[in-house]
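An overview of the molecular structure
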Amino acid sequence: MAFLVQEEPEGIFCIENEFWCFRHDRKHGGELVEATVKNGSGNNLLTTSQSCAVALKTGNKFHVFSTGRQPAIDFSINHKIDGVTLSFYSIPQDNAGKELDGVVFQHHISYSENGSSHHQVILHANRRIENPGQIQIGKLEFANIFDYSAVREELSEQCAGENGNWLWRWNRIHEEIQRKTILLSRHLPLSVLLLRRNVEAFEFSLGDNLAAWDLYPGQAQFLLGTNSAGHLVLRYCVLDSLRPVHALEGAYKFSFRLTLPKIRSTLAPLVPMAGNFLRRTGNFCDRWANAAKLPVWRETGAQILRLHDDGDAFGNGIFWRDGATRPYPLEEENKMRRFLDVAHANGIAVVPYFSMKEFHPEVPEFRKESSVWARRIDSAPELLFNYSPKAIFGAQMCLKSDWKHFRLNTVREIVTHYGFDGVYCDWCAGSECISREHECGRHWDNDALLEELEEFRRLGRYLYLHLTGTPSLAAENLADIILTEEQPYVDGIGPRMFTPHADFVNIASRQVCEMLSADAPDTERRKLALVALLHHATISSVHDVYQKFYHDLNISQELVRYQHYRAPATGVVQCSSHNCGASLYWNNDGILALFANFSEKTLYTSYHIAPENASGIERNGKLELAPLMWHAVRFPVL
Ligand SMILES: [Zn+2]
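This one's a predicted model, so the numbers in the text were calculated from it and none came from an experiment.

Structural notes on the coordination of the zinc ion
Those donors, C398 (SG), C433 (SG), H438 (ND1) and H443 (NE2), are the protein atoms that reach the zinc ion, and they lie 2.0 to 2.4 Å from it. What the four donor atoms of the zinc ion show is an angle range of 98 to 118° at the metal, which sorts the shape as tetrahedral. In the primary sequence, the donor residues of the zinc ion line up as C-x34-C-x4-H-x4-H. Within this pair, whereas C398 is found in the loop between strand 24 (392-396) and helix 5 (403-418), its partner C433 is found in strand 26 (residues 432-433), the two being separated by 35 residues in sequence. Taking the relative accessible area as the measure of exposure, C433 reaches 1% and is therefore buried.

Quick word on the domain arrangement of the protein chain
Structurally, the protein chain comprises domain 1 (4-259), domain 2 (284-484) and domain 3 (570-636). One C-alpha centre belongs to domain 2, the other to domain 3; they are set 40 Å apart.

As for the sheet that holds strand 16 (residues 200-206)
Pairing is antiparallel in the open sheet, where nine strands are placed in the order 7-8-9-10-19-16-15-12-13. Strands with a single pairing partner mark the edges of an open sheet, and in this sheet they are strand 7 (73-80) and strand 13 (170-172). Pairwise comparison of adjacent strand axes, ignoring direction, gives a mean angle of 15° for this sheet. Two strands pair when backbone bridges link them, and strand 16 and strand 19 (residues 248-259) are joined in this way by four bridges, in the antiparallel orientation. Within strand 19, the residue paired with L206 across the bridge is F256.

Some thoughts on the state of the cysteines
In this structure the tally under the stated criterion is zero disulfides. Looking at the unpaired C21, the closest cysteine sulfur is the one in C14, lying at 3.7 Å. In this structure C428 is a free cysteine whose sulfur lies 5.1 Å from that of C425, the closest cysteine sulfur available. With relative accessibility at 3%, the residue C428 sits in the buried group.

A closer look at the pattern of salt bridges
A complete count under the given rule lists 35 salt bridges for this structure. Between K368 and E369 there is a salt bridge whose closest N-O contact spans 3.4 Å. Among the charged side chains, a network of salt bridges with common partners joins E154, D214, E432 and R442.

Looking at the environment of N44
Its place among the elements puts N44 in the loop between strand 4 (32-37) and strand 5 (51-58). You can call N44 partly exposed: its relative accessible area is 28%. The spatial distance from the C-alpha of N44 to the C-alpha of L232 is 14 Å, given a sequence separation of 188 residues. Residues contacting N44, with those up to four places away along its chain left out, are V33, E34, A35 and T36. Within the structure, the side chain of N44 is placed 3.0 Å from the backbone oxygen of V33, a separation counted as a polar contact. Here the side chain of N44 touches A35 through a polar contact of 3.0 Å, landing on its backbone nitrogen.

Regarding the sheet that holds strand 3 (residues 20-25)
Strands sit in the order 1-2-3-4 across an open sheet of four strands; the sheet is antiparallel. Looking at which strands have only one partner, the edges of the open sheet turn out to be strand 1 (4-8) and strand 4. The sheet shows a mean angle of 15° between the axes of neighbouring strands, taken without regard to direction. Both strand 2 (residues 12-16) and strand 3 contribute to a ladder of five bridges, which runs antiparallel. Looking across to strand 3, one finds that I15 is bridged to F22.

Quick look at the side chain of S431
Note that S431 resides in the loop between strand 25 (422-426) and strand 26. S431 gets classed as buried once you look at its relative accessible area, which sits at 4%. Separated by 2.7 Å, the side chains of S431 and K357 make a polar contact. With residues up to four places along the chain from it excluded, the contact list for S431 reads G164, N165, K357, R375, H443, W444 and D445.

Comments concerning the pairing of strand 25
When you tally the buried positions in strand 25, you get five out of five residues, the bulk of the element. Taking every second residue as pointing to the same face, both faces of strand 25 are buried, with G422, Y424 and D426 on one and V423 and C425 on the other. The pairing of strand 25 with strand 28 (residues 462-466) spans four bridges and is parallel. Paired with V423 across the bridge in strand 28 is L463.

Observations concerning the pairing of strand 20 (residues 304-307)
In strand 20, alternate side chains face the same way, and those of I304 and R306 on one face and L305 and L307 on the other are all buried. Direction of pairing for strand 20 relative to strand 21 (residues 349-355): parallel, over a ladder of four bridges. Bridging from a neighbouring strand, L307 pairs with P352 of strand 21. Following the chain from strand 20 across helix 3 (residues 330-345) to the adjacent parallel strand 21, one finds a crossover that is right-handed.

Conventions adopted
Residue numbers restart at each chain and count upward from 1, following the sequence in its written direction. Side-chain atom pairs in this predicted model are given and counted only at pLDDT of 80 or more, local residue features only at pLDDT of at least 70, and totals for whole chains, interfaces and linings cover all residues. To obtain the side-chain values, all non-hydrogen atoms of the structure were used and water was disregarded. Donor atoms: N, O and S within 2.8 Å of the metal, or within 3.2 Å for Na, K and Ca. Because water is excluded, sites can look incomplete. By the criteria applied here, four donors are tetrahedral when all angles lie between 85 and 135 degrees, four are square planar and six octahedral when opposite donors are over 155 degrees apart and every other angle lies between 65 and 115, and any other arrangement is irregular. Here a strand is any run of E in DSSP of at least two residues, a helix any run of H or I of at least four, and the numbering for each starts at the N terminus. Each residue is placed in one exposure class: buried if its accessible area under a 1.4 Å probe, protein chains only, is under 20% of its type's maximum, exposed if it is over 50%, and partly exposed if it falls in between. For the domain bounds, the source is a domain assignment made automatically or taken from a database. Between any two strands, at least two bridges found by DSSP are needed for them to pair. Angles run from 0 to 180 degrees between N-to-C directions of axes, and those axes are lines fitted to C-alpha atoms, restricted for helices to the stretch in contact. Cysteine sulfur atoms that pair up within 2.5 Å are treated as a disulfide. Think of a salt bridge as a Lys or Arg side-chain nitrogen and an Asp or Glu carboxyl oxygen that are within 4 Å of each other. We call two residues in contact whenever any of their non-hydrogen atoms come within 4.5 Å of each other. We define a polar contact as two N or O atoms separated by no more than 3.5 Å, with the added condition that, inside protein, one atom must be a possible hydrogen donor and the other a possible acceptor, whereas residues neighbouring each other in sequence contribute only through side-chain atom pairs. Classification remark: right-handed applies to a crossover when, strands pointing away from the viewer, the course from the first strand over the helix to the second runs clockwise.

Here's what the structure looks like:
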């Protein structure tokens with residue numbers, strides 16, 4: 001895990017470990033020139049050096065001065081136990097080699113073993129700079145390899161600010177790349193994720209101080225598009241305007257985080273049955289799972305269960321209030337303890353639900369602290385309450401307040417006191433806030449959340465995160481299990497129903513939410529289990545249908561021996577029958593194609609594996625599949 005740092009010829013500095021390789025070029029302003037994910041494509045994602053720029057307005061044109069054109073000043077690199085830090089100054093120059101007198105960019109970068117690098121860029125204007133037209137903090141150019149972008153917009157661009165800065169859609173880069181501009185906005189997104197599905201990814205996220213980027217409100221510019229060489233360009237400009245603006249003078253500090261995924265060398269294990277074991281319907285007395293079920297679940301491969309009880313499902317006031325350290329009356333607490341004992345005796349871990357943001361109003365500290373810790377999105381005094389069908393989940397808090405310390409202390413106390421095996425985190429995403437009790441201006445709590453998750457990481461064996469709508473490489477790099485897809489199945493159940501987040505990249509074990517109604521037929525659950533399997537994921541439920549499915553699933557250990565995987569939506573395996581879905585696994589020794597029949601009849605299909613998809617090998621064949629069954633076809637690599 002620890003980084004190796006080497007100085008190479010020509011002033012290149014290489015920072016690498018088993019997962020990533022980064023290079024900085026002292027000759028080119030000290031800027032980042034390489035970012036490689038070793039278990040991804042293994043190729044440099046960047047086509048040129050990262051850069052910053054200031055442009056002056058001359059008439060209706062910009063005169064651009066960029067970093068990366070001359071050597072860095074005072075370049076220093078420090079290798080510490082837990083990471084590597086760099087600091088240097090870059091002088092911007094124009095195309096003719098002329099400097100912009102009095103302007104310098106100061107960089108502080110720290111690489112951590114969680115895959116993130118924290119960048120602080122200070123723009124020093126040591127004299128008054130009149131007529132600035134463009135100020136670019138971080139431009140990156142990528143090889144044209146990504147097929148999706150996922151952008152989390154600032155609240156002013158969203159219709160439901162009370163929810164948080166959710167992702168609204170995954171943009172297909174290849175469909176939009178012909179237009180040259182994929183996304184262009186005068187609002188700077190809080191994070192941008194670029195994904196090559198199932199292979200590798202890259203994430204840019206703003207630091208928690210968003211007000212720093214509001215230097216020229218309404219005149220910023222974000223661009224995700226292609227340049228004349230066909231390379232993908234990601235550009236954050238705090239100013240990009242020909243309108244008159246105030247002069248630059250002084251020091252302006254910006255921070256952001258770049259993250260590469262911690263791709264594993266072989267596929268992450270499947271985690272069957274890792275769902276909530278509490279019943280939420282029927283008789284309250286029977287809501288704790290019968291102890292006799294645990295050896296049976298263990299036989300299905302169950303390793304971990306979730307105690308998820310944040311809403312008053314039975315309308316009797318007995319549920320775990322967010323923020324409470326003693327969740328239940330004594331009788332119910334004893335049931336919880338007995339369940340934990342039996343689970344542990346069967347080798348099954350249990351993790352409790354924690355909301356990273358919600359605070360229940362009946363928790364004693366709420367009355368005193370909530371108005372100060374609250375997340376605010378406007379000047380209204382009312383808190384942002386989230387409601388369950390029969391009760392309140394809680395009011396939203398901001399982790400830039402002392403809520404962060406309270407949450408960590410309560411979670412630590414609970415895990416230690418009851419002997420849980422880790423934590424399950426919901427509302428696990430940074431969200432924008434304007435409370436001046438926390439910061440002097442607009443902010444979000446993304447870095448604060450990630451710091452909190454690093455602390456949680458130390459509390460037990462499992463860090464299990466719910467990330468529907470909030471993909472985050474930085475969070476996934478810390479996690480063991482990721483849960484996604486908490487949205488209704490509006491288009492029905494089929495092999496391409498999930499977002500790219502269901503299969504994503506090979507960082508952690510993946511699960512999808514079970515969103516079927518309680519009276520859904522067993523065949524629907526069976527189909528859902530098949531879709532999840534094709535996505536190298538499991539269903540987050542302990543329903544009997546899944547118990548049988550995972551009990552019979554005798555291929556899990558084989559699948560995780562492969563290095564490479566492609567989901568059905570990549571089109572990796574083409575089937576002649578529309579009721580058939582397929583995914584593909586391979587390594588140097590062989591290929592495994594996994595098929596599933598989504599119809600309730602025997603199905604006959606032909607299939608084609610394209611040569612570009614697996615070690616350059618093409619395969620064709622025919623197949624008979626039993627109703628609602630999966631089937632694996634294996635090919636040696638000759
Ligand atoms: Zn706040």
